[in-house]
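Residues per chain are reported as follows:
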Amino acid sequence: MQSDALLVFLGRMHLAVLHFPVAFLPLAAGLALLDARTPNETRARIVRLLARAGAASAVLAVLTGWIHADAEPLGRTAQEALDLHRWLGMACALLAVAGALLRGRLHSPALAASALLAFGAGHLGGELVHGEGYLTEPFRAPRAGERVEPVPTDAPLAFGDVQPILQARCVECHGPLKQKGDLRLDAFDARWFEPGEFGTVVVAGRAAESELVRRMRLPLDDEDHMPPAKKPQHSVEELATLERWIEAGARP
Ligand code: HEC
């Protein structure tokens, strides 16, 4: 019990430790580049110091990151991003250690590569915490999680009534930019009604049998739940509107 708590604590230290290589390695690489042009003994000493600090903290970030990843399990898709994050992080640490130990021609290229990898791993790590596409989300319209007005309960439903809901909650991953699960929800699509790999996306007249509704109704911690747990979730009214559209025949 006690050792479990310690492991979780060490794992969470990853979120603090990771900032050191992200700062030290680009600094070391930048100064090393300058030093290659106009050698300077003091600067070379600072580069060595920064490179060692960068390498040591990168190794520490990998170790704590490994513990953190084991302590907090993720869904299937996040696991793929995590694997890539882990490889980039390890490559970064390896090159940082090489950069700190090597002398001569390979010294600054190794540092520069480790600095780039630190940014790459850092960005992927950010997406793991905040969700895929977090950085560029402000430039995409409309924003995910935008409030959608519920349709009045007595209105006849057509695709135009549910389109804004899908647009706000789903199109980020199922639209022109990405087609997760090979599914697009940005425009009415006859293929929704054909059985596919995961079931039939929409069964006209039967909301409960439609994969789209089934996934939105799954508990938040189910890895098939849509939208994925880290994303802004639909309201009860939005789900009810989608269900009514399907029950009413899922017309275009
Ligand atoms: C952050 C990205 C993301 C968002 C947002 C998202 N999905 Fe998905 N969706 C996925 C991924 C990844 C898969 C494929 C992997 C899987 O099966 O879990 C998927 C698969 C699906 C599938 C199964 C594919 C098929 O052909 O049957 C359905 C249905 C689905 N999503 C519906 C939705 C609906 C409805 C919304 C909005 C309410 C939504 N998704 C929002 C990422 C997302």
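This text goes with the structure placed above it.
None of these values were measured; they are calculated from a predicted model.

(A) How the structure looks around the overall build of the protein chain. Scanning the protein chain for helices and strands turns up nine helices and two strands. Each helix (α) and strand (β) of the protein chain, taken in turn from the N terminus, gives the series α-α-α-α-α-α-α-β-β-α-α. In the protein chain, buried positions account for 37% of the 252 residues. In the protein chain, of all internal contacts separated by at least 6 residues, the share reaching a separation of at least 24 is 63%.

(B) Summary view of the packing of aromatic side chains. Counted by the stated rule, this structure contains seven aromatic pairs. The interplanar angle of 40° and the centroid separation of 5.8 Å between the aromatic rings of Phe188 and Phe193 together place this pair among those described as tilted. For Phe188, a relative accessible area of 31% translates into the label partly exposed. Looking at Phe193, the relative accessible area reads 29%, which means it is partly exposed. Pairing Trp192 with Trp245 gives two aromatic rings, centres 6.4 Å apart and planes at 85°, and the pair type is edge-to-face. Placement of Trp192 in the loop between helix 7 (159-169) and strand 1 (195-196) and of Trp245 in helix 9 (residues 236-247) is noted, with a sequence separation of 53 residues between them. Accessibility classification places Trp192 together with Trp245 in one group, the buried group.

(C) Region of the structure containing the coordination of the iron atom of the ligand. Looking at the metal site, the iron atom of the ligand is ligated by His174 (NE2) and Met226 (SD), spaced 2.0 to 2.2 Å from it. One way to put it: the six donor atoms around the iron atom of the ligand meet at angles of 84 to 179°, and that makes the site octahedral. Taken together, the residues span a long stretch of sequence, with His174 in the loop between helix 7 and strand 1 and Met226 in the loop between helix 8 (211-217) and helix 9 at a distance of 52 residues. Judged by its relative accessible area of 9%, His174 is buried.

(D) The arrangement of the site of the ligand in detail. The environment of the ligand is formed by 20 residues, the closest being Cys170, Cys173, His174, Arg215 and Met226. The side chain of His174 places a nitrogen or oxygen atom 2.8 Å from a nitrogen atom of the ligand. The separation between an oxygen atom of the ligand and a polar side-chain atom of Arg215 is 3.2 Å. Here the shell around the ligand gets four residues from one element, more than from any other, and that element is helix 8.

(E) Examining the side chain of Ser114 more closely. Along the chain, Ser114 turns up in helix 6 (residues 107-130). A distance of 2.8 Å separates a polar side-chain atom of Ser114 from the backbone oxygen of Leu111. Excluding its chain neighbours within four sequence positions, the residues that come into contact with Ser114 are Leu25, Cys92, Leu95 and Ala96.

(F) Geometry of the environment of Glu172. For Glu172, the location among the structural elements is in the loop between helix 7 and strand 1. Residues Glu172 and Arg184 lie twelve residues apart in sequence; the distance between their C-alpha atoms is 9.8 Å. Polar side-chain contacts of Glu172 include one of 2.7 Å to the side chain of Lys231.

(G) Molecular detail of the nonpolar core. Core analysis: the biggest nonpolar cluster contains 20 residues, and Leu166, Leu185, Trp192, Val202, Leu212, Leu242 and Trp245 have the highest contact counts within it. Broken down by secondary-structure element, the contributors of at least two residues to this core are helix 7, helix 8 and helix 9. When neighbours within four sequence positions are excluded, Leu185 is seen to be in contact with Phe159, Leu166, Cys170, Val171, His174, Trp192 and Leu212. The next biggest cluster of nonpolar side chains, apart from the first, holds 17 residues, and it includes Val47, Ala58, Ala100 and Ala115.

(H) Quick peek at the side chain of Glu243. One can find Glu243 in helix 9. Only 2.6 Å separates the side chain of Glu243 from the side chain of Arg217, close enough to count as a polar contact. Not counting chain neighbours up to four residues away, the residues in contact with Glu243 comprise Ala207, Val213 and Arg217.

Here is what the cut-offs are and how they apply
- Residues numbered from 1 in each chain as written.
- Predicted model: local features only at pLDDT ≥ 70, side-chain atom pairs only at ≥ 80, totals over all residues.
- Heavy atoms only, no water.
- Helix = DSSP H or I, 4+ residues; strand = E, 2+ residues; numbered from the N terminus.
- Buried < 20%, exposed > 50% of the residue type's maximum accessible area, 1.4 Å probe, protein only.
- Contact = heavy atoms within 4.5 Å.
- Phe/Tyr/Trp six-rings, centres within 6.5 Å; stacked < 30°, edge-to-face > 60°.
- Donors = N, O, S within 2.8 Å, 3.2 Å for Na, K, Ca; no water.
- Tetrahedral: all angles 85-135°; square planar, octahedral: opposite > 155°, others 65-115°.
- Near = heavy atom within 4 Å.
- Polar contact = N/O pair within 3.5 Å; in protein donor to acceptor, adjacent residues only side chain to side chain.
- Core = buried A, V, L, I, M, F, W, Y, C linked by side-chain atoms within 4.5 Å.

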